[in-house]
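These are the residues of each chain, in order.
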Amino acid sequence: MAIDESLLERTAHLLNRARYLNLATARDGAPWVATLEYAWFAGPLRFVFGSSTGARHSGDIRADPRVSGSLFVPEGAAGVAVASVDGAQFTGRCAEIGPEQLEAYHAPFYETVFPDAGQRARWQLPPERLRGAAPHRLYRVDVERWWLIDTRHWEEDRIDRRIELPLDTGTQARLSAHARVHAVSS
């Protein structure tokens, strides 16, 4: 199946420009959403975020790793036209990053979230504060499905739809070319 190149370009733009993702979890039928800073990695597509082990979403992930989420980019200020806002939704599985992979994700995550070295020095947690009995962890979402807002049809009929970008091997490879972080393999 041929993939429309504009869908890959929009995906890369969203992944590189959105600062936060909204992560939805559920436990015992009770939904929850958390807004999180993240870094994304390609080949396969995954998100990394940091959080307290005591946070509601962290407990939900321990109970059930299935997650969904969204991210969006408003290209202008308040009152921006609908056509200049873009977004995506995803589903996947999430888990704590274990000690065996922590070193690989630690620096790229903090360099992405805090590109300014001064800010990074102030806020970055050292690896020893992200394992064992420490109250924080890095988490990884392995994205299984990805949808973009179908802006073409919205312009025509104002019906809200999504268009899925299949995350097959070819798409993943092409998306990797747009990644800012290449250091971590799955």
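It should be emphasised that the depicted structure is a prediction, and the values quoted were computed from it without experimental measurement.

Rules and cut-offs
- Residues numbered from 1 in each chain as written.
- Predicted model: local features only at pLDDT ≥ 70, side-chain atom pairs only at ≥ 80, totals over all residues.
- Heavy atoms only, no water.
- Helix = DSSP H or I, 4+ residues; strand = E, 2+ residues; numbered from the N terminus.
- Buried < 20%, exposed > 50% of the residue type's maximum accessible area, 1.4 Å probe, protein only.
- Contact = heavy atoms within 4.5 Å.
- Areas by Shrake-Rupley, 256 points an atom, 1.4 Å probe, with all protein chains shown as cover.
- Core = buried A, V, L, I, M, F, W, Y, C linked by side-chain atoms within 4.5 Å.
- Pairing = 2+ DSSP bridges.
- pLDDT = per-residue confidence, 0-100.
- Phe/Tyr/Trp six-rings, centres within 6.5 Å; stacked < 30°, edge-to-face > 60°.
- Axes fitted to C-alpha atoms, helices over the stretch in contact; angles between N-to-C directions.
- Parallel < 35°, antiparallel > 145°, perpendicular 65-115°, else oblique.
- Left-handed = near helix turned anticlockwise from the far one by under 90°.
- Nonpolar A, V, L, I, M, F, W, Y, C, P; charged D, E, K, R; others polar.
- Salt bridge = Lys/Arg side-chain N within 4 Å of Asp/Glu carboxyl O.

### Examining the overall build of the protein
- Secondary structure summary: the protein contains 6 helices and 8 strands in total.
- For the protein, the residues scored as buried account for 41% of the 186 residues in total.
- Taking contacts inside the protein between residues at least 6 apart in sequence as the whole, the part at least 24 apart equals 69%.
- Accessible surface, the protein: about 9900 Å² in total, of which carbon and sulfur atoms supply 53%.

### Comments concerning the nonpolar core
- One finds Leu23, Trp40, Phe47, Leu71, Phe90, Val141 and Trp146 to be the most contacted residues of the largest nonpolar core, which totals 33 residues.
- Core analysis: the next-biggest nonpolar cluster, separate from the first, contains 13 residues, Ala39, Leu102, Phe114 and Leu138 among them.

### Focus: unusual backbone geometry
- The step from Gly43 to Pro44 runs through a cis peptide bond, and the omega angle for that step is 5 degrees.
- Looking at the secondary structure, you find Pro44 in the loop between strand S3 (39-41) and strand S4 (46-52).
- Of note in the backbone geometry, Asp28 takes a positive phi value of approximately 50 degrees without being a glycine.
- Along the polypeptide, Asp28 turns up in the loop between strand S1 (20-27) and strand S2 (30-37).

### What to know about the pairing of S2
- Looking at chain direction, S1 and S2 are connected through 8 bridges and run antiparallel. Paired with Thr25 across the bridge in S2 is Trp32.
- Hairpin geometry of S1 and S2 is characterised by an intervening segment of 2 residues between the two adjacent antiparallel strands and by a positive phi of about 50 degrees at Asp28.

### Focus on the confidence of the model for the protein
- Residues of the protein with pLDDT of at least 70 account for 89%, and the chain-wide mean is 88.
- Confidence drops under a pLDDT of 50 for residues 76-80, and excluding neighbours within four residues, the segment shows 1 contact in the predicted structure.

### So, the packing of aromatic side chains
- Under the counting rule described, the total for this entry stands at 8 aromatic pairs.
- Here the aromatic rings of Phe41 and Tyr105 are separated by 5.1 Å at their centres, their planes lie at 90 degrees, and the arrangement is edge-to-face. Of this pair, Phe41 sits in strand S3 while Tyr105 sits in helix H3 (residues 99-113), placing them 64 residues apart in sequence.
- Residue classification places Tyr105 among the buried positions, given a relative accessible area of 0%.

### A word on the packing of helix H1 (residues 5-17) against helix H6 (residues 169-176)
- The contact between H1 and H6 brings their axes to 10 Å, and the two run at 50 degrees. Viewed along their axes, H1 and H6 adopt a mutual orientation that is oblique. Here the hand of the crossing between H1 and H6 comes out right-handed. Residues Glu5, Leu8, Thr11, Ala12 and Leu15 of H1 form the contact with H6, whose participating residues are Thr171, Arg174 and Leu175.
- Residue classes in the contact of H1 with H6 are distributed as 4 nonpolar, 2 polar and 2 charged.

### Let's talk about the environment of Arg180
- The topology assignment puts Arg180 in the segment after H6.
- A C-alpha to C-alpha distance of 8.0 Å links Arg180 and Phe41, two positions 139 residues apart in sequence.

### Things to note about the pattern of salt bridges
- Enumeration over the complete set of coordinates arrives at 11 salt bridges.
- As a salt-bridge pair, Glu37 and Arg19 come within 2.3 Å of each other at their nearest N and O atoms. Of the two residues, Glu37 is situated in strand S2 and Arg19 in the loop between H1 and S1; the sequence distance between them amounts to 18 residues.
- Using a relative accessible area of 23% as the deciding quantity, one classes Glu37 as partly exposed.
- When the shortest N-O distance is used, the salt bridge between Glu103 and Arg131 registers 3.8 Å. Here the residue Glu103 occupies a position in helix H3, and Arg131 occupies one in the loop between helix H4 (117-123) and strand S7 (136-149), the gap between them amounting to 28 residues.
- For Glu103, a relative accessible area of 52% gives the class exposed.
- Exposure remark for Arg131: the relative accessible area of 30% places this residue in the partly exposed category.
- Salt bridges sharing common partners tie together Arg27, Arg56 and Asp60.

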